[in-house]
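Structural overview for review
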Amino acid sequence: MNDGNAHERAQRLMDRDRVEGIALEERRWLDAHLAACETCAAWAEAGEAALRMLRSVSVAVPPGLATSATLLVRERGAQLRKQRAQNLALAAACALSWVAGVASAPLVWRLFAWLGSALDLPGMVWQLAFVFWWFVPAAAATLVIIVARTRSRTDLNMSDSDFV
Amino acid sequence: MEGVFSLNALAMEPETRALARGLRRREPDLLEALILRYEYRLYRYLLYLTGSAEAASDLFQETWLRVLTRGHQYDGVSRFEPWLFSIARHLVIDASRRRRLVSFEEAFEPAEGREREPRAADAASPLAEYESRELANRLGEVLARLPGVYREVLLLRFQEELTLEEIAVVIRAPLSTVKSRLYRGLSAARELMEDKRP
């Protein structure tokens, strides 16, 4: 192996050693080469110096960083828990409303039919009125969810900007 | 302290699984313990990545809010650190799209905050302190001049000591890409160090 190839091999091995590790035989060859070659030894030292710096240098953490993050996370966590409880209550109310709606549908259908005939309304009118009655709880629940989400999003954004 | 979540209390089961369960439940004490535990490492990572102390502080808080809301996505099988750094990295990318992250040097200004994990040499002598400052400045300059794709893999590998596979998870790239970026990053850093040699 000529000198140029040996230097290239040494530098490849140095990098591979740092990234993936090298075999014992390759390490022996590298150690022997570094002992004999000043240029490669200097390269090795420069690389080690860079890594030593990266590991050893300390940075200044702003005072109160963890405390403010903890407060922020706790506040947001409390808001999320409250929101979840509200969503669960709403879901339970929707489910209850749906069950009651299904159970009472035949009765209400007959009531609308009777009203339609009593008021002499066309069939389409009282049937549409029945459909509208059927969708009122779902529409109301959707409206409540949208309003609640909008309000909660506004609250969260405000609390973030207050903190930072 | 009563009611304070202790990571040691969960020593009976794999810590990652306990972490995943606690994150799913959004346990405030667990999150507080994690914030304290990773304060230095996460802040340092963000600082080196953004080059701005102010941006790093903002992103630190955003990262923990994201951990709170996305905690259920942590699988409890792999280590927590890569998942945490992955969240932080995505926030850095989002932030860099919104604004330019500059002023790398201010990150190494110790007057603004407290020193964490001080080395023994820090208290030894004014000379040691001066050398430490010089070292930090040189490192800051070298890192600032490295392209971001190389800087991040070097930080994850040699500062955060993640495995190659974990780095691949954090940067969402194939293992071969991680390796090639590491090799190129090492080579670029070495050349820059040579330039900076006094």
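Residues numbered from 1 in each chain as written. Chains lettered and ligands numbered in written order. Predicted model: local features only at pLDDT ≥ 70, side-chain atom pairs only at ≥ 80, totals over all residues. Heavy atoms only, no water.

With that settled, consider the overall build of chain A. If you tally the helices and strands in chain A, you get five helices and one strand. Reading the helices (α) and strands (β) of chain A from amino to carboxyl end gives α-α-α-β-α-α. Relative to its full complement of 164 residues, chain A shows a buried share of 29%. Within chain A, counting contacts between residues at least 6 apart in sequence, those at least 24 apart form 54% of the total. Carbon and sulfur atoms provide 64% of the accessible area of chain A, an area that totals close to 10500 Å². (Helix = DSSP H or I, 4+ residues; strand = E, 2+ residues; numbered from the N terminus. Buried < 20%, exposed > 50% of the residue type's maximum accessible area, 1.4 Å probe, protein only. Contact = heavy atoms within 4.5 Å. Areas by Shrake-Rupley, 256 points an atom, 1.4 Å probe, with all protein chains shown as cover.)

The subject of this paragraph is empty space enclosed by the protein. Enumeration according to the criterion identifies three cavities of 30 Å³ or more in this entry. The space that makes up the largest cavity amounts to roughly 90 Å³. Ala50, Leu51 and Leu54 of chain A together with Leu139, Val142, Leu143, Leu146, Leu154, Leu186, Ala189 and Met193 of chain B are the residues that line the largest cavity. Taken together, the elements giving at least two residues each to the lining of the largest cavity come down to helix 3 (38-56) of chain A together with helix 5 (126-145) and helix 8 (175-196) of chain B. Here the residues of the lining of the largest cavity are counted per class, giving eleven nonpolar, no polar and no charged. (1 Å grid on protein atoms, 1.4 Å probe; cavity = no way out; pocket = protein on both sides within 12 Å on 5 of 7 lines; lining within 4 Å. Points joined across faces, edges and corners; volume = space filled by probe spheres on them. Nonpolar A, V, L, I, M, F, W, Y, C, P; charged D, E, K, R; others polar.)

Attention now goes to the interface of chain B and chain A. Each partner contributes residues to the interface: chain B has 53 residues there, and chain A has 36 residues. Interface area for chain B against chain A, summed over the two sides, is near 4300 Å², with a carbon-plus-sulfur share of 66%. Between the two partners, chain B and chain A, sit three salt bridges. Here arginine 74 of chain A and glutamate 32 of chain B are joined by a salt bridge, their closest N and O atoms 2.6 Å apart. Seen at the junction of chain B and chain A, the total is nine residue pairs in polar contact (both at pLDDT 80 or more). Mapped onto the side of chain B that touches chain A, the elements with two or more residues apiece are helix 2 (28-50), helix 3 (53-70), strand 1 (114-115), helix 5, helix 6 (148-159) and helix 8 of chain B. At twelve residues, helix 2 of chain B tops the list of elements feeding residues into the side of chain B that touches chain A. Residues belonging to the side of chain B that touches chain A are distributed by class as follows: 26 nonpolar, five polar and 22 charged. (Buried area = accessible area lost by both parts, 1.4 Å probe. Salt bridge = Lys/Arg side-chain N within 4 Å of Asp/Glu carboxyl O. Polar contact = N/O pair within 3.5 Å; in protein donor to acceptor, adjacent residues only side chain to side chain.)

Across all of its chains, the model carries 17 salt bridges over all chains by this definition. One salt bridge in this structure joins aspartate 15 of chain A and arginine 18 of chain A, with 3.8 Å as the shortest N-O distance. You can see aspartate 15 of chain A and its partner arginine 18 of chain A sitting in helix 1 (residues 3-19), three residues apart, about one turn around the helix. Under the relative-accessibility criterion, aspartate 15 of chain A is labelled buried at 9%. Using a relative accessible area of 11% as the deciding quantity, one classes arginine 18 of chain A as buried. In this structure, arginine 41 of chain B and glutamate 160 of chain B form a salt bridge, with 2.8 Å as the shortest nitrogen-oxygen distance. Here the residue arginine 41 of chain B occupies a position in helix 2, and glutamate 160 of chain B occupies one in the loop between helix 6 and helix 7 (164-171), the gap between them amounting to 119 residues.

So, about helix 2 (residues 24-36) of chain A. Residue and element names in this part refer to chain A. In this model, helix 2 (13 residues) spans 19 Å end to end at C-alpha, consistent with the 18 Å of a helix rising 1.5 Å per residue. The complete set of buried residues in helix 2 reads Glu26, Leu30 and His33. Buried residues in helix 2, looked at end-on, bunch into an arc of 65°, giving them a common side. Within helix 2, the exposed residues directed more than 90 degrees away from the buried face are Leu24, Glu25, Arg28, Ala35 and Ala36. (Expected span 1.5 Å × (residues − 1). Arc of directions from axis to C-beta.)

Attention shifts here to helix 3 of chain B. Residues and elements named next belong to chain B. Over its 18 residues, helix 3 extends 25 Å from the first C-alpha to the last, a length consistent with the 26 Å expected when each residue adds 1.5 Å. All of the buried residues in helix 3 are Ala53, Ala55, Ala56, Ser57, Leu59, Phe60, Gln61, Thr63, Trp64, Leu65, Val67 and Leu68. Residue serine 52 occupies the N-cap position of helix 3, its side-chain oxygen lying 3.4 Å from the main-chain nitrogen of glutamate 54.

Let us now look at the nonpolar core. Among the nonpolar cores identified, the biggest contains 71 residues, and Leu23, Tyr43, Phe60, Trp64 and Phe80 of chain B are the most heavily contacted of them. With 13 residues, the single largest contributor to this core is helix 2 of chain B. Dropping the residues within four chain positions of it, tryptophan 64 of chain B is found in contact with Ala69 and Val73 of chain A together with Leu34, Ile35, Tyr38, Leu42, Phe80 and Leu84 of chain B. Counting residues in hydrophobic clusters, the runner-up holds eight residues, among them Met14, Leu30, Cys40 and Ala44 of chain A. (Core = buried A, V, L, I, M, F, W, Y, C linked by side-chain atoms within 4.5 Å.)

This part covers the confidence of the model for chain A. All names here are of chain A. When the pLDDT values of chain A are averaged, the result is 83; 90% of them are 70 or greater. By mean pLDDT, the top-scoring element of chain A is helix 2 (94), and the lowest-scoring one is helix 5 (residues 123-163) (72). When the criterion is pLDDT under 50, residues 158-164 qualifies, and its contacts beyond four places in sequence or with other chains add up to eleven contacts. (pLDDT = per-residue confidence, 0-100.)

This part takes up a nonpolar patch on the surface. Residue and element names in this part refer to chain A. There is a patch of nonpolar side chains on the surface, built from Trp98, Val99, Val102, Val131, Trp133, Trp134 and Phe135 and spanning about 670 Å² of accessible area. Within the residue set of the nonpolar patch, elements represented by two or more residues are helix 4 (65-118) and helix 5. Considering each element in turn, the nonpolar patch owes the most residues, four residues, to helix 5. When you line up the elements, valine 102 lands in helix 4. (Patch = residues over 30% accessible without salt bridge, like charges linked within 9 Å, V, L, I, M, F, W, Y side chains within 5 Å.)

Here the focus is the packing of aromatic side chains. Taken as a whole, this structure holds ten aromatic pairs over all chains when the rule is applied. Seen in terms of ring centroids, tryptophan 109 of chain A and phenylalanine 130 of chain A are 5.1 Å apart; in terms of plane orientation they differ by 90°. Their pairing is edge-to-face. Here tryptophan 109 of chain A, found in helix 4, pairs with phenylalanine 130 of chain A, found in helix 5; they are 21 residues apart in sequence, far enough to count as distant. When the centroid spacing of 5.8 Å and the interplanar angle of 45° are considered together, the rings of phenylalanine 80 of chain B and tryptophan 83 of chain B count as tilted. Here phenylalanine 80 of chain B pairs with tryptophan 83 of chain B, and both are found in helix 4 (residues 80-98), just three residues apart, close to one helical turn. Relative accessible area serves as the criterion here: at 2%, phenylalanine 80 of chain B is assigned to the buried category. Of the aromatic side chains, those joined through ring pairs into one cluster are Trp109, Phe112, Trp126, Phe130 and Trp133 of chain A. (Phe/Tyr/Trp six-rings, centres within 6.5 Å; stacked < 30°, edge-to-face > 60°.)

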